[in-house]
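Residue-level listing of the chains:
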Amino acid sequence: MNKRDEPLLVIEDLKVAFPGQSAPVIDGLSLTLDRGEVLALVGESGSGKSMTALSLMRLLPSGGAITGGRIRFDGEDVLSLPDRQMNRLRGGRMAMLFQQPQAMLDPTSRVSAQIAEPLRLHRGLGRRAAMGRVLDLLRDVGIPDPAVRARCFSHELSGGMAQRVMMAAALSGDPDMLIADEPTTALDVTVQAQILRLIDEERRKRNLATLLITHDLAVVAALADRVAVMYAGRIVEEGPAKAVLESPQHPYTQALMRCSLLVPDPHGQLLSIPGSGTHARELTCGCRFHPRCSAASQHGLVSRCMRSEPALKPDADGHVTRCWAVETEKETAA
Amino acid sequence: MRIDNASQAAAAGSLLHVPPRRTAARRLWRFLRGRHWTFRTGIVILVALVVTLILAPWIVPHDPAVQNLIARLSPPSAEHWLGTDHLGRDLLSRLLVGGRFTVTIAMITVILSFAIGTLIGVVAGRVVGGLFDEITMRVVDVLISIPDVVVAIFLVAIFGPGYLTLIASLTVIGWTPFARLARGLTLAINSQGYIQAAEVLGCSRSFIVLRHVIPNIIRPIAAVSFLRFGHKLITVGALSFLGLGVQPPAADWALMLADAQPYVERLPILMIAPGLAIFVAALSVTWIGHGLEIESRDGGSGDE
Amino acid sequence: MNSHTLLRTVTGDTQPPASQAVRPPLVEIEHLAKHYHLGLSFSVKSVDGVSFTIGQGEVLGLVGESGCGKSTIARLLTRQTSPTSGQVKIAGQEIADVSGEELKRLRRTVQLVFQDPFGALDPRMRIGTSMEAPLAQHRIGTREERREKVMRMLTEVGLDESFYERYPRQCSGGQLQRVVIGRALLLEPSFLICDEPTSALDASMRTQILNLLTDLKRRHGLTMLMISHDLRVVRHICDRIAVMYLGRIVEVADRDALFKTPRHPYTRALIAASMLDRTGLYAPEIQLRGDLPSPLNPPLGCRFHTRCAHAQAKCSQAEPEFEAASESHQVRCHFWRELQPDRSAEAGSP
Ligand SMILES: Nc1ncnc2c1ncn2[C@@H]1O[C@H](COP(=O)(O)OP(=O)(O)OP(=O)(O)O)[C@@H](O)[C@H]1O
Ligand SMILES: Nc1ncnc2c1ncn2[C@@H]1O[C@H](COP(=O)(O)OP(=O)(O)OP(=O)(O)O)[C@@H](O)[C@H]1O
Ligand code: SF4
Ligand SMILES: [Mg+2]
Ligand SMILES: [Mg+2]
């Protein structure tokens, strides 16, 4: 296949499972990510966003295994790549910012060493040059006094600083694709804006593709080109950012957006989606969201939603949704 | 204004998932399967060795102490599989029995040193800068530089040779590397969030040491203890060699080595056999330690 | 679905009024300072002369730039480090003097939800054990009761009983965050410090946790210090809000006062930047100029002057006093009187 025609990253029907668990953690997930594109992955806590990211890097925690599907990065089959090439890919063209920056930083070595290591390993920079680059990177991610901070240990950093250090480490290899798992949770709006601007700049300058995992819909709105919404290991809605955010189709996405407004009712209670999604994966039939879905009953679809699972159905402008209610609505409209 | 929850109950009832309880045997199997090959090989050799040594009195083909001066220095034969030594004693029998002493002593001292050293090191590491820490670390600095053979010679001179003297003299020095390592690891762990969390939650000091610190540093220390075991084995051998350990005519690998010296050219197996025995025993435990260490460097996770 | 009627902005006026009653203080902090040394030649003044009080049953929000010392205050309040100077009193008692059994009791009443949940859980301990152990340490209930309690708490924070047996590495970030929240709540503290308690949670889970906390506050009069970057969260749950900048508190006010008439230019910029439009999605451009100043070497004069749009010569020379703009509204700025009292979106712009 021609490398240029294909998106940078293609995930087809990915399945990830852990032994001893009755249902796969990720169940048939397909996504693409183009050069210079920012794809936001949002969704329930525990729905499998981080696992998706980790499988792309082939860094699933022990026990976890990719039981199906294919991942292609720039035309290469990531899953069948020999370990050595995979290592080269990870530090170089694919970079990842982990969700737990403090835990991912080595407590016994200094910040500078941790950022400089990939530089020296992958790009063959000398000590001096690597150090200079480290300071530039720290400055780029908005860390004041980079020279002093470079000599800090990870526990001497604040939560937000650790996050920015991870960002610097991720960008140190000039990656083609950045996977950012919750990159701004510990940052205030001003620093957050700086990080988002940095990603945006890299995308303009070098066509950096970004898979952005976040719970903050304002961040999504500010940066993403496309959005995919996950629920219980599946994608339930995907489309252009504007379309998904401004007219969400899936009942889960709609509920999520309403919740994110944090508007209390007269009793001071905030709206939340009733029920819990922890066991949604183990439902053997029907839509995974149906036990919590209000649209199902409103549309009189409860029995259908309980019995069979809807497929991802596209509408005109590449906005796909996995929901019977949306489907029937479209049918009646047509 | 909650979203209507039509069939919420269905979710709760659906397929509650209970993780299967693992039996001890399966857990052990999983543990072994996840280890480095050196660990597994080491374990197999060590278990075989220990079983043989335990059973030795019952499986020896001849009485290891009976001399047969007519059949001195006979080469391996059907009667004496490994031949006989300079007093005509069966080499194989002596080999089987001769490891018991050395291995037992080494094991006991390592276990003692490990336990004492770890505990002292962890406590010192938890009260860094305190008087206890200061004193222990100075003591460690002094003791660690004294060779244990010297201490053994000294103690044997006072109390005479024997199990207890040997164990005591080896342990007096033996705990120091453990203490130093345990303290270092504890220091590294002190800044970890979960230790601070435990403090904030009001957990007692002993709880933090026993349930948080020790489980998290035990792997690398255990690895080292296996490495030290090999070292101890050789030290005990050396002491016997110097006549401070097992007293003749009891069999002992190191003693056999010493005895074999004059006859090496006539019958090399006299030296090769006990030498190989010490080597294999030391190697097996060293491999176990090595395997454990590789694991612990990868951040081997959880104790399933 | 008419979600548009639900769409409000962070600056909208939909919140029930904060209770105005004057409460006796539960937490009193006076001239608290914490300086960390980095290497031999540098020291960070993480917290530099901070004073505030939190009333019984009050929820105080603490907001501010990343690295300005919020978590350090949490650490000082829980005695994880000792202050360089100043004092912390909880329920009238100087916490530096407490020890032994009394300290243990104090620890039970003051709980902290750590910012980094992954680090705050022992990787070799099952979630269930991690949550149950503190109960056992405080001799609360029998073994069965404790287990029962933990199970109930797990469901309360939106997890389920299968998590009891899991190790931290088998959970997602948001799940761990809830475990940490649950663990702190299990001890039924009377003062809870939450350091970014909802940053890793999806919108629905976040509201569920906030509802839980609100409920505790209402029913049990739980006093809280809520550290967060999310002004909407702070606005929802807090009675009073303190704004920090480079180790100092620059403004304290009742919630409504702060959002209606922010006095300090930094507060104005923060509020302006998190003012989302009707869809709740699009924030205006950040209008603070200049680089982040360094906590190693904070600017002389007003610490904010390097980035302040209203800075004048005086600002770089003298540090402003903490002045009372109204009875319950204090601000640290030379020109708070001159600045337009109304909320202005152009605050902070040149
Ligand atoms: N090692 C493991 N063994 C078993 N289950 C696991 C393991 N790691 C994660 N899981 C489960 O997999 C699911 C997906 O986890 P993942 O970390 O991808 O969630 P997430 O979408 O990133 O959530 P969050 O937003 O909370 O970080 C979770 O329900 C989690 O409990
Ligand atoms: N143990 C430590 N040693 C040295 N410096 C420290 C230590 N802990 C914190 N600091 C420094 O203190 C300052 C404030 O840190 P703190 O963690 O309180 O920030 P924060 O306000 O919580 O920020 P964030 O929102 O990013 O978590 C930072 O500059 C940090 O580098
Ligand atoms: S398919 Fe049915 S249950 Fe699932 S989201 Fe759509 S309406 Fe709700
Ligand atoms: Mg995650
Ligand atoms: Mg913090």
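Identification of chain C as Peptide/nickel transport system ATP-binding protein from Sinorhizobium kostiense is taken from an unreviewed UniProt entry. Looking at the Sequence similarities (unreviewed entry) heading of the UniProt record, one finds this comment for chain C: "Belongs to the ABC transporter superfamily." Regarding chain C, the relevant UniProt record gives this comment under Subcellular location (unreviewed entry): "Cell inner membrane".

An unreviewed UniProt entry lists chain A under the name Peptide/nickel transport system ATP-binding protein, with Sinorhizobium kostiense given as the organism. Listed in UniProt under the heading Sequence similarities (unreviewed entry), the comment for chain A reads: "Belongs to the ABC transporter superfamily." Database annotation for chain A, UniProt heading Subcellular location (unreviewed entry): "Cell inner membrane".

**Comments concerning the overall build of chain A**
Each helix and strand in chain A was counted, giving 14 helices and 12 strands. Here the C-alpha radius of gyration of chain A, 21 Å, is about what a compact globule of 334 residues would show, namely 20 Å. In terms of principal-axis extent, the alpha carbons of chain A reach across some 70 × 55 × 40 Å. The 334 residues of chain A split such that 62% are buried. Summarising the internal contacts of chain A: among those between residues at least 6 apart in sequence, 62% fall at separations of at least 24. When the accessible area of chain A is evaluated, it comes to approximately 12500 Å², of which 50% is carbon and sulfur surface. A gap of 5 Å separates the mean positions of the 39 positive and 39 negative side-chain charges of chain A.

**Focus: the overall build of chain C**
Helix and strand counts for chain C come out as 10 helices and 12 strands. Burial statistics for chain C: of 350 residues in total, 61% are counted as buried. Surface exposure of chain C reaches about 13600 Å², of which carbon and sulfur atoms provide 49%.

**Quick notes on a nonpolar patch on the surface**
All names here are of chain B. The grouping of Val-47, Val-51, Ile-54, Leu-55, Trp-58 and Ile-59 at the surface amounts to a nonpolar patch, some 610 Å² of accessible area in total. For Ile-59, the position within the fold is in helix H3 (residues 37-59). The exposure class assigned to Ile-59 is partly exposed, which follows from its relative accessible area of 43%.

**A few points about the site of ligand 2**
For ligand 2, the set of nearby residues contains 24 residues, the closest of which are A:Arg149, A:Gly160, C:Ser46, C:Ser71 and C:Thr72. Neighbouring residues of ligand 2 are not confined to a single chain but are spread across chains A and C. Take C:Ser66: an N or O atom from its side chain is 2.7 Å from an oxygen atom of ligand 2. C:Gln115 has a polar side-chain atom sitting 2.9 Å from an oxygen atom of ligand 2. In isolation ligand 2 offers 640 Å² of accessible surface; the protein chains occlude 95% of this area.

**Quick word on the sheet that holds strand E5 (residues 93-94) of chain C**
Residues and elements named next belong to chain C. Strand order across the open sheet formed by four strands is E2-E1-E4-E5, with antiparallel pairing between neighbours. Two strands in the sheet have a free side with no partner beyond their single neighbour: strand E2 (42-55) and E5. Bridge count between strand E1 (residues 25-38) and E2: 11 bridges; the pairing is antiparallel. Residue Leu-38 lies in a different strand from E2, and its bridge partner there is Phe-42. The strands touched by helix H1 (residues 70-77) within the sheet are E1, E2 and strand E4 (85-90), with E1 carrying the most contacts at an inclination of about 115 degrees.

**Let's talk about the pairing of strand E3 (residues 38-43) of chain A**
All names here are of chain A. Across the six residues that make up E3, a large majority, six, are buried. The two faces of E3 match: Val-38, Ala-40 and Val-42 on one face and Leu-39, Leu-41 and Gly-43 on the other face are all buried. Both E3 and strand E8 (residues 209-213) contribute to a ladder of four bridges, which runs parallel. If you follow Leu-39 over to E8, its bridge partner there is Leu-211. Summarising the sheet, E3 and strand E9 (residues 226-231) pair through five bridges and their orientation is parallel. The residue bridging Leu-39 from the neighbouring strand is Arg-226, located in E9.

**Structural notes on the coordination of the magnesium ion (ligand 5)**
Reference values for angles at a metal are 109.5 degrees in the four-donor tetrahedral case and 90 or 180 degrees in the six-donor octahedral case. All names here are of chain C. Within the protein, the magnesium ion (ligand 5) binds to Ser-71 (OG) and Gln-115 (OE1); these donor distances fall in the range 1.9 to 2.2 Å. Of the two residues, Ser-71 sits in helix H1 while Gln-115 sits in the loop between strand E6 (110-113) and helix H3 (127-137), which places them 44 residues apart along the sequence. When sorted by exposure, Ser-71 lands in the same class as Gln-115, which is buried.

**Quick look at the side chain of A:Arg203**
By secondary structure assignment, the location of A:Arg203 is in helix H8 (residues 189-206). Among residues more than four places away in sequence, those in contact with A:Arg203 are A:Gly36, A:Glu37, A:Val38, A:Leu208, A:Leu223 and A:Asp225.

**Description of the confidence of the model for chain C**
All names here are of chain C. In the predicted model, chain C carries a mean pLDDT of 85, and 89% of its residues have values of at least 70. Within the model, pLDDT remains below 50 along residues 1-17, and this stretch shows 42 contacts once partners closer than five positions in the same chain are excluded. Long-range and interchain partners of residues 343-350, a stretch whose pLDDT sits below 50, account for 21 contacts in this model, where long-range means more than four residues apart. Per the prediction output, this complex has pTM 0.86; the corresponding ipTM is 0.91.

**Considerations on the coordination of the magnesium ion (ligand 4)**
Residues and elements named next belong to chain A. The magnesium ion (ligand 4) binds to the protein through Ser-50 (OG) and Gln-99 (OE1), with metal-donor distances spanning 1.9 to 2.2 Å. Highlighted residues: Ser-50 in helix H1 (residues 49-56) and Gln-99 in the loop between strand E6 (94-97) and helix H3 (101-104), separated in sequence by 49 residues. This pair shows no difference in class: Ser-50 is buried, exactly as Gln-99 is.

**Details of the site of ligand 1**
A:Gly46, A:Ser50, C:Arg166, C:Ser172 and C:Gly174 are the nearest of the 22 residues found near ligand 1. More than a single chain frames ligand 1: its nearby residues are located in chains A and C. Backbone polar atom of A:Met51 to an oxygen atom of ligand 1: 2.8 Å apart, as the coordinates give it. C:Arg166 places a side-chain nitrogen or oxygen 2.5 Å from an oxygen atom of ligand 1. In isolation ligand 1 offers 640 Å² of accessible surface; the protein chains occlude 96% of this area. If you list the elements that add at least two residues to the shell around ligand 1, you get H1 of chain A together with helix H5 (173-186) of chain C. Its residues assigned to classes, the shell around ligand 1 shows four nonpolar, 13 polar and five charged.

**Examining the side chain of C:Ser66**
Locating C:Ser66 in the fold gives a position in the loop between strand E3 (59-64) and H1. In terms of polar contacts, C:Ser66 uses its side chain to reach the side chain of A:Arg164, at 2.8 Å. Apart from residues lying up to four places away in sequence, C:Ser66 is in contact with A:Ser158, A:Gly160, A:Met161, A:Arg164, A:Ala186, A:Leu187, A:Asp188, A:Val191 and C:His229.

**Examining the pattern of salt bridges**
Residues and elements named next belong to chain A. Inspection of the entire model under this criterion finds 40 salt bridges over all chains. Between Asp-200 and Arg-204 there is a salt bridge, and its shortest N-O distance comes to 3.0 Å. With Asp-200 and Arg-204 both in helix H8, this residue pair falls four residues apart, about one helical turn. Note that Asp-225 and Arg-203 form a salt bridge whose closest N and O atoms lie 2.7 Å from each other. Separated by 22 residues along the polypeptide, Asp-225 in the loop between helix H9 (217-223) and E9 and Arg-203 in helix H8 bring together distant segments of the chain. Residue classification places Asp-225 among the partly exposed positions, given a relative accessible area of 33%.

**Considering a negative patch on the surface**
Residue and element names in this part refer to chain C. Taken together, the side chains of Glu-144, Glu-145, Glu-148 and Glu-161 make up a negatively charged region of the molecular surface. By secondary structure assignment, the location of Glu-148 is in helix H4 (residues 143-156). When its relative accessible area of 48% is taken as the criterion, Glu-148 is described as partly exposed.

About the thresholds
- Residues numbered from 1 in each chain as written.
- Chains lettered and ligands numbered in written order.
- Predicted model: local features only at pLDDT ≥ 70, side-chain atom pairs only at ≥ 80, totals over all residues.
- Heavy atoms only, no water.
- UniProt positions renumbered as here; feature names shortened; annotations may be inferred.
- Helix = DSSP H or I, 4+ residues; strand = E, 2+ residues; numbered from the N terminus.
- Rg over C-alpha atoms; globule rule 2.2 N^0.38 Å.
- Buried < 20%, exposed > 50% of the residue type's maximum accessible area, 1.4 Å probe, protein only.
- Contact = heavy atoms within 4.5 Å.
- Areas by Shrake-Rupley, 256 points an atom, 1.4 Å probe, with all protein chains shown as cover.
- Lys, Arg positive; Asp, Glu negative; His and termini not counted.
- Charge placed at Lys NZ, Arg CZ, Asp CG, Glu CD.
- Patch = residues over 30% accessible without salt bridge, like charges linked within 9 Å, V, L, I, M, F, W, Y side chains within 5 Å.
- Salt bridge = Lys/Arg side-chain N within 4 Å of Asp/Glu carboxyl O.
- Near = heavy atom within 4 Å.
- Polar contact = N/O pair within 3.5 Å; in protein donor to acceptor, adjacent residues only side chain to side chain.
- Pairing = 2+ DSSP bridges.
- Axes fitted to C-alpha atoms, helices over the stretch in contact; angles between N-to-C directions.
- Donors = N, O, S within 2.8 Å, 3.2 Å for Na, K, Ca; no water.
- pLDDT = per-residue confidence, 0-100.
- Nonpolar A, V, L, I, M, F, W, Y, C, P; charged D, E, K, R; others polar.

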